[in-house]
Amino acid sequence: MTRDVSFEGSAGRDATGQRFPGAREDRGEFAEAARFYLQLEPRQLPSRFLYDALGSALFDAICHLPWYRITRAELALLQRHAVAIGQTFQDGGRVVELGCGSGEKLAALLTHAEVPGVHAHLIDLSDAALGRSVQALSAIEALDLRVTTHQATYEDGLLALPADDAHPTLLAFLGSNIGNFDPPGASAFLDLMRAAVRPRDYLLLGADLVKPERELLLAYDDPLGLTAAFNKNLLLRMNAELGADFDLSRFTHRAVWNPAASRVEMHLVSLAEQEVGVADAEFRFRLQDGETIWTESSYKYEPASIRELVEPAGFVQRNQWIDEAARFALTLFEAV
Ligand code: AVJ
């Protein structure tokens, strides 16, 4: 296995690469985002800030919970259909994974696909995640794998992808990470992914499906309290990194299924009327008793709605594999 590394910066930009209104160069990206999103109505914070070292470890633990089935269901589908998926990057093609996490899923896919000479490109914001993924892929020795890591936002990573006219590309966006985008954001992101590949390249999309509310709430408000800790860690992180003074005992985790929008929302609910300061972002604000800070949306799909979301970006659906018990879909699209 060979490894090359490239770094692309993303400071001061939001998920779509835009600068925030009133952004200042001397404040960090996190401070800028906190200042902007905490003053919106309703108050909110972008979910990508959940993933510092502790947040990423908590998310990995969540993936082992019996109530959170996305990761296991997707891994099983990838293994079962690896040979069919592997057709898309035969002949020394590339696999580009956005948000590789631990690298376990890509490793499972490549192990079971048995396609030699693949060039894997890993795009993730977290250096730790990239390191673990390289580790996971280095365990596959037989396949003469080449791995390039890009520590970057999805957008910057896609833009930095070298053009490759000679080899087919499979772009993988797994784990229902698409579900963190609202529908316009998802469409814009699909356009971006389509622009990064050529006709006859492929997109593999993992997306969680609508299921009974009781199951959704157990997945996002688990009885062990891991998801609550994952959510409240955002307050801990603001205290540590932004000089904020959130009192964690005065907030509680809440998961809500919003059927009209087809999404699970995570909120941090204020348990009292209170004032909070975020020193490094130079602002203070008052929270009412019961007021919430909205920290994440996880959109849930119907099998047909995935196609309707993706095809307008310039793809056609070629295959869809569904885990009926977990209600999770892996859908393969070809760029046209
Ligand atoms: C990693 C964004 C797919 O939305 O299910 C897990 C994150 N949030 N539990 C999801 C998450 C709460 C997860 N994604």
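Refer to the structure printed above.
From a predicted model like this one, the values you see are computed outputs, not experimental measurements. (Residues numbered from 1 in each chain as written. Predicted model: local features only at pLDDT ≥ 70, side-chain atom pairs only at ≥ 80, totals over all residues. Heavy atoms only, no water.)

Trainee: Mind showing me how you'd approach the overall build of the chain here?
Mentor: Within the chain one finds 11 helices and 13 strands. Expected size for 336 residues packed as a compact globule is a radius of gyration near 20 Å; at 20 Å, the chain falls within 12% of this value. Seen through its C-alpha atoms, the chain measures out along the principal axes to roughly 60 × 45 × 35 Å. The buried share of the chain, taken over its 336 residues, is 54%. Long-range pairs, those at least 24 residues apart, make up 71% of the contacts in the chain with a sequence separation of at least 6. Carbon and sulfur atoms form 52% of the exposed surface of the chain, whose accessible area is close to 14,300 Å². Here the chain contributes 31 positively and 48 negatively charged side chains, and the mean placements of these two sets differ by 2 Å. (Helix = DSSP H or I, 4+ residues; strand = E, 2+ residues; numbered from the N terminus. Rg over C-alpha atoms; globule rule 2.2 N^0.38 Å. Buried < 20%, exposed > 50% of the residue type's maximum accessible area, 1.4 Å probe, protein only. Contact = heavy atoms within 4.5 Å. Areas by Shrake-Rupley, 256 points an atom, 1.4 Å probe, with all protein chains shown as cover. Lys, Arg positive; Asp, Glu negative; His and termini not counted. Charge placed at Lys NZ, Arg CZ, Asp CG, Glu CD.)

Trainee: Can you walk me through the nonpolar core in this structure?
Mentor: Formed by 72 residues in total, the largest nonpolar core has its most connected members in Leu38, Phe89, Leu110, Leu137, Met238 and Phe246. Not counting chain neighbours up to four residues away, the residues in contact with Phe246 comprise Leu38, Leu235, Met238, Asn239, Phe251, Val276, Val278, Phe285 and Ile293. One finds Val96, Ala186, Leu190 and Phe315 within the second-largest nonpolar core, a separate group that totals 28 residues. (Core = buried A, V, L, I, M, F, W, Y, C linked by side-chain atoms within 4.5 Å.)

Trainee: What is the right way to look at helix H1 (residues 29-37) in this model?
Mentor: Side chains that are three or four residues apart share a direction in an α-helix, a result of its 3.6 residues per turn. For H1, the tally of buried residues reaches 7 of 9 residues, placing the bulk of the element in the interior. All buried positions along H1 are accounted for by Glu29, Phe30, Ala31, Glu32, Ala33, Ala34 and Tyr37. Structurally, H1 contributes buried residues whose contacts are with helix H10 (226-242) and strand S10 (283-287).

Trainee: Looking at this model, I keep getting lost on the environment of Arg284. Mind explaining?
Mentor: Checked against the element boundaries, Arg284 lands in strand S10. Considering only alpha carbons, one finds Arg284 and Leu38, 246 residues apart in sequence, at a separation of 9.8 Å. Setting aside residues up to four positions removed in sequence, Arg284 forms contacts with Asp245, Glu275, Val276 and Gly277. At 2.6 Å, the side chain of Arg284 and the side chain of Glu275 are in polar contact. (Polar contact = N/O pair within 3.5 Å; in protein donor to acceptor, adjacent residues only side chain to side chain.)

Trainee: What's the story with the sheet that holds strand S11 (residues 292-299) in this structure? I'm lost.
Mentor: Strand-to-strand pairing in sheets goes through backbone hydrogen bonds, with the strands running parallel or antiparallel. Sheet architecture is open: 3 strands sit in the order S7-S8-S11, paired in antiparallel fashion. Looking at which strands have only one partner, the edges of the open sheet turn out to be strand S7 (251-258) and S11. Direction aside, neighbouring strands of the sheet carry axes that sit 20 degrees apart on average. Sheet topology note: the strand S8 (residues 263-270)/S11 ladder contains 7 bridges and is antiparallel. Within the sheet, the bridge partner assigned to Glu265 lies in S11 and is Ser297. Packed on one face of the sheet, H10 meets S7, S8 and S11 and runs near 60 degrees to S8. (Pairing = 2+ DSSP bridges. Axes fitted to C-alpha atoms, helices over the stretch in contact; angles between N-to-C directions.)

Trainee: What exactly am I supposed to notice about the packing of H1 against H10 here?
Mentor: When two helices pack together, their arrangement is given by the angle between the helix axes and the distance between those axes. Close contact between H1 and H10 brings their axes to 11 Å; oriented N to C, the two are set at 120 degrees. Classified by the angle between their axes, H1 and H10 sit oblique to one another. Classified by chirality, the crossing of H10 by H1 is left-handed. Across the interface between the two elements, Phe30, Ala31 and Ala34 from H1 touch Leu234, Arg237, Met238, Glu241 and Leu242 from H10. Among the residues forming the contact of H1 with H10, the class breakdown is 6 nonpolar, no polar and 2 charged. (Parallel < 35°, antiparallel > 145°, perpendicular 65-115°, else oblique. Left-handed = near helix turned anticlockwise from the far one by under 90°. Nonpolar A, V, L, I, M, F, W, Y, C, P; charged D, E, K, R; others polar.)

Trainee: How should I be thinking about the packing of helix H2 (residues 53-62) against H10 in this particular structure?
Mentor: At a minimum axis separation of 9 Å, H2 and H10 run at an interaxial angle of 170 degrees. By the criterion of interaxial angle, the relationship of H2 to H10 is roughly antiparallel. Of the residues in H10, those in contact with Leu54, Gly55, Leu58, Phe59, Ala61 and Ile62 of H2 are Leu226, Thr227, Ala229, Phe230, Asn233 and Leu236. For the contact of H2 with H10, the per-class residue count stands at 9 nonpolar, 3 polar and no charged.

Trainee: Where do I start with the pattern of salt bridges in this structure?
Mentor: Side chains that differ in sign of charge can pair as their charged atoms come close. Per the counting criterion, the structure on display carries 16 salt bridges. Between Arg48 and Glu29 there is a salt bridge; the shortest N-O distance is 2.7 Å. Of the two residues, Arg48 sits in the loop between H1 and H2 while Glu29 sits in helix H1, which places them 19 residues apart along the sequence. A salt bridge links Arg198 to Asp201; its shortest N-O distance comes to 3.6 Å. Residue Asp201 is classed as buried on the basis of its relative accessible area, which comes to 2%. Three or more residues joined by partner-sharing salt bridges are found here, namely Glu273, Glu275, Arg284 and Arg286. (Salt bridge = Lys/Arg side-chain N within 4 Å of Asp/Glu carboxyl O.)

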